[in-house]
There are 2 protein chains.
Amino acid sequence: MREKRLSEIGEKKLVEMLVDLLRSDWRCNDLPPGDDAACVSLPGGAKLLVKIDGFSVSSVKLPWMTLYDVGWKAVVATASDLVAKGGRPLVFLVSIGLRRDDRAADALELVKGARDAAKAVGAWLAGGDTNAAGDPWIDTAGVATPVRIVAPRVRNGDLIYTTVGRYGLTGLAFHIMRRGDTSEIYSYPEALRATTRPLPRLEFLSLLEEVGECITWAGDVSDGLCATLRNLHTISEHRIILDALPPLHPEAIEYAESHRLDISELILYGGEEYEIVFTVARGCETHVERAANRLGLRIARIGFVVPKSITSSIHTERVSESSWIPINSCLERVSTGWDQFKGWA
Amino acid sequence: MREKRLSEIGEKKLVEMLVDLLRSDWRCNDLPPGDDAACVSLPGGAKLLVKIDGFSVSSVKLPWMTLYDVGWKAVVATASDLVAKGGRPLVFLVSIGLRRDDRAADALELVKGARDAAKAVGAWLAGGDTNAAGDPWIDTAGVATPVRIVAPRVRNGDLIYTTVGRYGLTGLAFHIMRRGDTSEIYSYPEALRATTRPLPRLEFLSLLEEVGECITWAGDVSDGLCATLRNLHTISEHRIILDALPPLHPEAIEYAESHRLDISELILYGGEEYEIVFTVARGCETHVERAANRLGLRIARIGFVVPKSITSSIHTERVSESSWIPINSCLERVSTGWDQFKGWA
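Every value quoted in this text rests on a predicted model; they were computed, and no experiment measured them.

Trainee: Tell me about the relation of the copies chain A and chain B, residues and numbers included.
Mentor: Between the two copies, chain A and chain B, the superposition gives an RMSD of 0.0 Å; the rotation angle is 180 degrees and the shift along the axis is 0.0 Å. The transformation relating the two chain copies, once decomposed into turn and shift, fits a two-fold axis. Scanning chain A for the C-alpha nearest the rotation axis identifies A:Asp135, at a separation of 2.7 Å. Of the residues that chain A buries at the interface, 100% are likewise interface residues in chain B, meaning the two copies contact each other through the same surface.

Trainee: Account for the sheet that holds strand β1 (residues 38-41) of chain B, naming residues and giving values.
Mentor: Residue and element names in this part refer to chain B. Strands sit in the order β1-β2-β5-β3-β4 across an open sheet of five strands; the sheet is mixed. Each end of this open sheet is capped by a strand with a single partner; those strands are β1 and β4 (124-132). The mean angle between the axes of side-by-side strands here comes to 20 degrees, regardless of whether they run parallel or antiparallel. Sheet topology places strand β3 (residues 87-98) next to β4; seven bridges connect them, and they run parallel. Counterpart to serine 95 in the pairing with β4 is aspartate 129. Along the sheet, helix α3 (residues 67-84) contacts β2 (47-56), β3 and β5 (137-146); its crossing angle with β5, the most-contacted strand, is approximately 35 degrees.

Trainee: So what's going on with the state of the cysteines? Which residues, and what values?
Mentor: Residues and elements named next belong to chain A. Here the structure, examined in full by the defined rule, presents four disulfides over all chains. The partner cysteine of cysteine 28 in its disulfide is cysteine 39, sulfur to sulfur 2.1 Å. Looking along the S-S bond of the cysteine 28-cysteine 39 disulfide, the torsion reads about 105 degrees, which is the right-handed sense. Residue cysteine 28 is found in the loop between α1 (6-23) and β1 (38-41), and its partner cysteine 39 is found in strand β1; the two are separated by eleven residues along the sequence. Here cysteine 214 connects covalently by a disulfide to cysteine 284, the sulfurs 2.0 Å from one another. In this structure the cystine formed by cysteine 214 and cysteine 284 twists about its S-S bond by roughly -65 degrees; its chirality is therefore left-handed. Of this pair, cysteine 214 sits in the loop between α7 (203-211) and β7 (215-220) while cysteine 284 sits in the loop between β9 (276-280) and α11 (285-295), and the two are 70 residues apart along the sequence. Judged by relative accessible area, which is 1%, cysteine 214 ranks as buried. The class of cysteine 284 is buried, set by a relative accessible area of 15%.

Trainee: I'd like a description of the interface of chain A and chain B, backed by residues and values.
Mentor: How large an interface is tends to be reported as the accessible area lost when its parts come together. Contacts between the two partners involve 77 residues from chain A, matched on the other side by 77 residues from chain B. Between chain A and chain B, a total of about 6,500 Å² is buried, with carbon and sulfur atoms accounting for 64% of that surface. The three residues of chain A that bury the most area against chain B are A:Ile52, A:Arg100 and A:Trp124, which together make up 11% of that side's buried surface. Between the two partners, chain A and chain B, sit four salt bridges. Between B:Asp25 and A:Lys119 there is a salt bridge, with its nearest N and O atoms 3.1 Å apart. In this assembly, chain A and chain B are joined by 36 residue pairs in polar contact (both at pLDDT 80 or more).

Trainee: Please set out the UniProt feature "binding site: Mg(2+) 1" (unreviewed entry) in chain A residue by residue, giving values where relevant.
Mentor: Per the UniProt record, "binding site: Mg(2+) 1" (unreviewed entry) is found at A:Asp53 and A:Asp129. Here A:Asp53 shows up in strand β2 (residues 47-56). Leaving out residues up to four positions away in the same chain, A:Asp53 has contacts with A:Ala77, A:Thr78, A:Asp81, A:Ile138, A:Asp139, A:Thr140 and B:Asp129. Along the polypeptide, A:Asp129 turns up in strand β4 (residues 124-132).

Trainee: Please provide a residue-by-residue account of α7(A), values included.
Mentor: Regarding α7(A), the residues found buried are A:Phe204, A:Leu205, A:Leu207, A:Leu208 and A:Val211. An end-on view of α7(A) places all buried positions within 155 degrees of arc, on one side of the element.

Trainee: I'd like to hear about the packing of α3(B) against helix α4 (residues 104-120) of chain B, residue by residue, with values.
Mentor: All names here are of chain B. Contact pair α3 / α4: the axes reach a minimum separation of 7 Å and the direction vectors enclose 40 degrees. When the axis of α3 is compared with that of α4, the two are oblique. With respect to the hand of their crossing, α3 and α4 are arranged in right-handed fashion. Counting all contacts with α3, which are made through Leu67, Tyr68, Val70, Gly71, Trp72, Val75 and Val76, the residues of α4 involved are Asp106, Glu109, Leu110, Lys112, Gly113, Ala114, Asp116, Ala117, Ala118 and Ala120. Tallied by class, the residues present in the contact of α3 with α4 amount to eleven nonpolar, two polar and four charged.

Calculation rules
- Residues numbered from 1 in each chain as written.
- Chains lettered and ligands numbered in written order.
- Predicted model: local features only at pLDDT ≥ 70, side-chain atom pairs only at ≥ 80, totals over all residues.
- Heavy atoms only, no water.
- Least-squares fit on C-alpha atoms with pLDDT ≥ 70 in both.
- Contact = heavy atoms within 4.5 Å.
- Pairing = 2+ DSSP bridges.
- Helix = DSSP H or I, 4+ residues; strand = E, 2+ residues; numbered from the N terminus.
- Axes fitted to C-alpha atoms, helices over the stretch in contact; angles between N-to-C directions.
- Disulfide = S-S within 2.5 Å.
- Buried < 20%, exposed > 50% of the residue type's maximum accessible area, 1.4 Å probe, protein only.
- Buried area = accessible area lost by both parts, 1.4 Å probe.
- Salt bridge = Lys/Arg side-chain N within 4 Å of Asp/Glu carboxyl O.
- Polar contact = N/O pair within 3.5 Å; in protein donor to acceptor, adjacent residues only side chain to side chain.
- UniProt positions renumbered as here; feature names shortened; annotations may be inferred.
- Arc of directions from axis to C-beta.
- Parallel < 35°, antiparallel > 145°, perpendicular 65-115°, else oblique.
- Left-handed = near helix turned anticlockwise from the far one by under 90°.
- Nonpolar A, V, L, I, M, F, W, Y, C, P; charged D, E, K, R; others polar.

In structure tokens:
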């Protein structure tokens, strides 16, 4: 396995191997190695959340994105992971790699986007590092102060919720990108905006302040809803039943109809929506739904968790064929979605 | 200027432009934008130091280095900047970019080196991110708790000190690398060790605990002593008089003699020694020297600062020709040393 190429084993397997490396020295009791962020105890007992996230510029720069947009997205991707684990973003740092024949203006645009996104999420950009690179990259590190660390404690019967409002927007944008006629994006202004100036769901922090004791797990949707549910499935040791899909954004409905697409594909396999999926302890539903309503945070219940020992034959009695099949197939298609080393699968 | 290529303007000019971008939103009162680390205030008033540092793997991997060594150096480079500004390393994160046809073993070695270096400096590795890259890179973010933040407050007459013991080792290693017959490095075991398993001067934190009020500036030697002194020169608005060079490591003396090299070249233009240069308020010398002695930290006084208004004709009266010329020429050779976009100059 160690001698295999990364393109053979894929990113998920590599991450598993790296997580094993870090496990024995792990000092964050609330969040396991491999989770979207880690926690750190300060001398004195206070805690922080920390996260680093990066990518090669070419892998995320959709044809209509500027380098400003890339810098913006780099910070938001890191911020969203911190927010999902209960952290209020405090500060960001960026490290950029650029080609020697790139223009100074390129570097400035990239960092301006990062700086402005940091401000937009209530934090600031405390510097960075510049490097020469054959293949440009940007890495963003973020530090957050916990509102309430969302340590995973999913139990049988917990309900699965997600913040909503953006589903389908990035899925349609990626679909346009893969079809090749990228000018079509300008007919979908909200999808254009979702891919160039996304924002994390900071309102989720207010929900945690109000009803944090009810929330038993949370993760942001960065690699697609299916991938986020797969993370929940892995971490919780529970089976996931999806009995409703989150509502699709009107632009995505329009796009799906005009291109005769299966809307579940747009919802499950999009990515970079930065919505937050979270589980709620059974009995807490009303409490959570009322708080979200008060806070103006749109959420939807999309499923629940049952023990892994329950077989799929039971699921079919409880949920309609049409709704549980997509999630089941998504969990079975292990390599579905974006893999850094295998690409789209 | 914005339209120019990075190879034309060079890294130093680019950093100046980026620092200007960040200045208006800067929230770290102790350290200016562009310094080796930034400070962050937590709600409640406690402070942190944060830093990100990265490079493309090919730019730092000397022929005799393994990927483990590269991961190790990535963490130490970040740790050293934090230590120089008065921070005790608490936690690190790494983001790595790898080629699809790299082996899983490569990724594991890189992260193992980073993990072990984090432990060696008293911290831990709290995860990271994996990415596909045409040109492999590693970025390291670090968070430190301040022992005492070394805010710059250099005044006329302050003395310049440096920790010593490693000068010349990396200079000779780089010289071997540029000459091409890399097997010669195995004749210099300490130089081999200095380039593969460096460590930051953590003892400097103990010195700060004891005599921090005497220390008016500090910076680590990562791009060579000359570059560090140039940073001091820029930040302090003072002129630097170097009236002694720090002692060369015995291996470096041997190397310089056998290759008829100017030892000042090895000392001033090496890099990655991770020694710490610091300035001491006039009158504090004995206090600082005694404390360093008690702590087993070898230091040497190498110069002093005078107002910029003092012209060079006065310098020649005060210090011998042979000692002040190297520093003067190093300060004048603005592009001397490693530049990410221009290369060695």
